[in-house]
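Here are the chains, one letter per residue:
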Amino acid sequence: MRCFTFGLLIFFFFPASAQVFMRPFDNAASLALGGATVAYAGADAGLSNEALTGFGDRAGAYLGSALPYGITGWQTAQFQGFVKLGKYDGIGLDIAHSGVEAYREQQFRLLYGRRLGERFFIGGSAAFLRVSAQEYGSANGVTFGIGLLAQVLPRFWLGARLYNPFQQEVAGETTASSMRIGAAWQASGIFTLLAEVEKSLDRDARIKTGIEYRPAEVLVIRAGVRAGSAAQVGFGAGVRLKNGLALDVGSEWHPSLGMTPAAMVAWRK
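Quick caveat, the model's predicted, so the values are computed rather than measured.

### Brief notes about the overall build of the protein
Now for step 1: Within the protein one finds 2 helices and 17 strands.
Now for step 2: If you take every contact in the protein between residues at least 6 apart in sequence, the share linking residues at least 24 apart comes to 48%.
Now for step 3: With an accessible surface of roughly 12900 Å², the protein has 65% of that area assigned to carbon and sulfur atoms.

Put into structure tokens, the structure is as follows:
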């Protein structure tokens, strides 16, 4: 039954052409913001843009998991970490796993980011992809990504990311590719408005929006929407603890498939 349900989900997400690598499930903070984090100016929502590894914090680590649509047999987990190499650059690591008993996917991504000016950051990544199926063995592939982040006005940021532009093949099937362009407006120290457009080579563009509100120094409240054929609504909250620790929870509701809850523990200094 689990494999049958999984097959239906794959059919739902990729009706036009066969692809390996499902839509990645964001960490709890990004999920709550509707995934509109490509222009997020900071590391609170994880490494959503390669350029963030050259940003401000000296080091950080994130460990999270999600339960897609409440399907207990579908496991997802993600680890991200970064450290500054010098005043202007840093490196990061992103490890993601998603799969059911019969089919699994992993991605191992190395990131490098650099500050090129007072308000401009650039980064790149190289990723190793692996898929495995019980009756068909495993296959591997490699790809890359590029990210940009710029502060064009005192409270206004622009971000862009290009991932897997040449649609690498793994096991004879294409891997997902995407281009994301977004903006973030920090209306004040407690309120941020986010918006972005994501386009894949074989899918229509999707518009994502998110808001983040900080009513207190230790508390963050988030909400967001992914527009499309079926709009998905995200919401969640985060608590900032002592010694750089943070706990984030988030959920995304799909009108046909149901709820995807997620949680993440983070540490930064």
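The structure having been displayed, the exposition proceeds.
### So, the pairing of strand β3 (residues 75-84)
Now for step 1: Examined bridge by bridge, strand β2 (residues 59-66) and β3 share 8 bridges and lie antiparallel to one another. Looking across to β3, one finds that Ala-61 is bridged to Gly-81.
Now for step 2: Relative to strand β4 (residues 89-99), β3 is paired through 10 bridges, and the arrangement is antiparallel. Its bridge partner being in β4, Ala-77 is matched across the sheet by His-97.

### A closer look at the environment of Leu-85
Now for step 1: Tracing the backbone shows Leu-85 in the loop between β3 and β4.
Now for step 2: Taking the C-alpha atoms as reference points, Leu-85 and Gly-54, separated by 31 residues in sequence, lie 8.7 Å from one another.
Now for step 3: Filtering out sequence-adjacent residues up to four positions away, Leu-85 remains in contact with Gly-90, Ile-91 and Tyr-112.

### Structural notes on a nonpolar patch on the surface
Now for step 1: A cluster of nonpolar residues, Ile-190, Tyr-213, Val-218, Leu-219, Ile-221, Val-239, Leu-241, Leu-245, Leu-247, Val-249, Val-265 and Trp-267, forms a patch on the protein surface that exposes about 950 Å² of accessible area.
Now for step 2: Taken together, the elements giving at least two residues each to the nonpolar patch come down to β14 (219-226), β16 (245-254) and β17 (258-268).
Now for step 3: The dominant element in the nonpolar patch, judged by the number of residues it contributes, is β16, at 3 residues.
Now for step 4: Checked against the element boundaries, Val-265 lands in strand β17.
Now for step 5: Accessibility expressed as a relative area gives 47% for Val-265, which makes it partly exposed.

### Some remarks on the packing of aromatic side chains
Now for step 1: If you walk through the whole model with that rule in mind, you get 6 aromatic pairs.
Now for step 2: Taken together, a centroid distance of 5.7 Å and an interplanar angle of 55° make the contact between Phe-55 and Trp-157 tilted. Of this pair, Phe-55 sits in the loop between α2 (28-32) and β2 while Trp-157 sits in strand β8 (residues 156-163); the two residues are 102 residues apart in sequence, bridging distant segments of the chain.
Now for step 3: Put simply, the rings of Phe-55, Phe-121 and Trp-157 touch in pairs and so form one group of aromatic residues.

### A look at the side chain of Arg-161
Now for step 1: Here Arg-161 is to be found in strand β8.
Now for step 2: Classification of Arg-161 as buried rests on a relative accessible area of 12%.
Now for step 3: Side chain to side chain, Arg-161 and Glu-50 meet in a polar contact 2.9 Å long.

### A closer look at the environment of Ala-96
Now for step 1: Its place among the elements puts Ala-96 in strand β4.
Now for step 2: Owing to a relative accessible area of 23%, Ala-96 belongs among the partly exposed residues under this scheme.
Now for step 3: Residues in contact with Ala-96, not counting those within four places in the same chain, are Ala-77, Gln-78, Glu-105, Gln-106 and Gln-107.

### A short note on the pairing of β16
For a regular strand, side chains alternate in direction, first toward one face of the sheet and then toward the other.
Now for step 1: Bridge count for strand β15 (residues 232-240) against β16 is 8 bridges, and the pairing is antiparallel. The residue of β16 that forms the bridge with Gly-236 is Gly-250.
Now for step 2: Counted along the chain from β15 to the antiparallel partner β16, the turn is 4 residues long, and its residue Asn-243 has a positive phi close to 60°.
Now for step 3: Strand direction decides the pairing type here: β16 and β17, joined by 10 bridges, are antiparallel. Counterpart to Leu-247 in the pairing with β17 is Val-265.

### Side note on the confidence of the model for the protein
Now for step 1: When pLDDT is averaged along the protein, the result is 87; 88% of the residues meet or exceed 70.
Now for step 2: No element of the protein has a lower mean pLDDT than helix α1 (residues 2-13), at 41, and none a higher one than β14, at 97.
Now for step 3: The model gives residues 1-20 a pLDDT under 50, and that stretch makes 40 contacts with residues more than four places away or in other chains.

### Quick notes on the side chain of Arg-226
Now for step 1: By the secondary structure assignment, Arg-226 is in strand β14.
Now for step 2: Judged by its relative accessible area of 5%, Arg-226 falls in the buried class.
Now for step 3: Within the local environment of Arg-226, its side chain forms a polar contact with the side chain of Glu-252, the two groups lying 2.4 Å apart.

What counts, and at which threshold
Residues numbered from 1 in each chain as written. Predicted model: local features only at pLDDT ≥ 70, side-chain atom pairs only at ≥ 80, totals over all residues. Heavy atoms only, no water. Helix = DSSP H or I, 4+ residues; strand = E, 2+ residues; numbered from the N terminus. Contact = heavy atoms within 4.5 Å. Areas by Shrake-Rupley, 256 points an atom, 1.4 Å probe, with all protein chains shown as cover. Pairing = 2+ DSSP bridges. Patch = residues over 30% accessible without salt bridge, like charges linked within 9 Å, V, L, I, M, F, W, Y side chains within 5 Å. Salt bridge = Lys/Arg side-chain N within 4 Å of Asp/Glu carboxyl O. Buried < 20%, exposed > 50% of the residue type's maximum accessible area, 1.4 Å probe, protein only. Phe/Tyr/Trp six-rings, centres within 6.5 Å; stacked < 30°, edge-to-face > 60°. Polar contact = N/O pair within 3.5 Å; in protein donor to acceptor, adjacent residues only side chain to side chain. pLDDT = per-residue confidence, 0-100.

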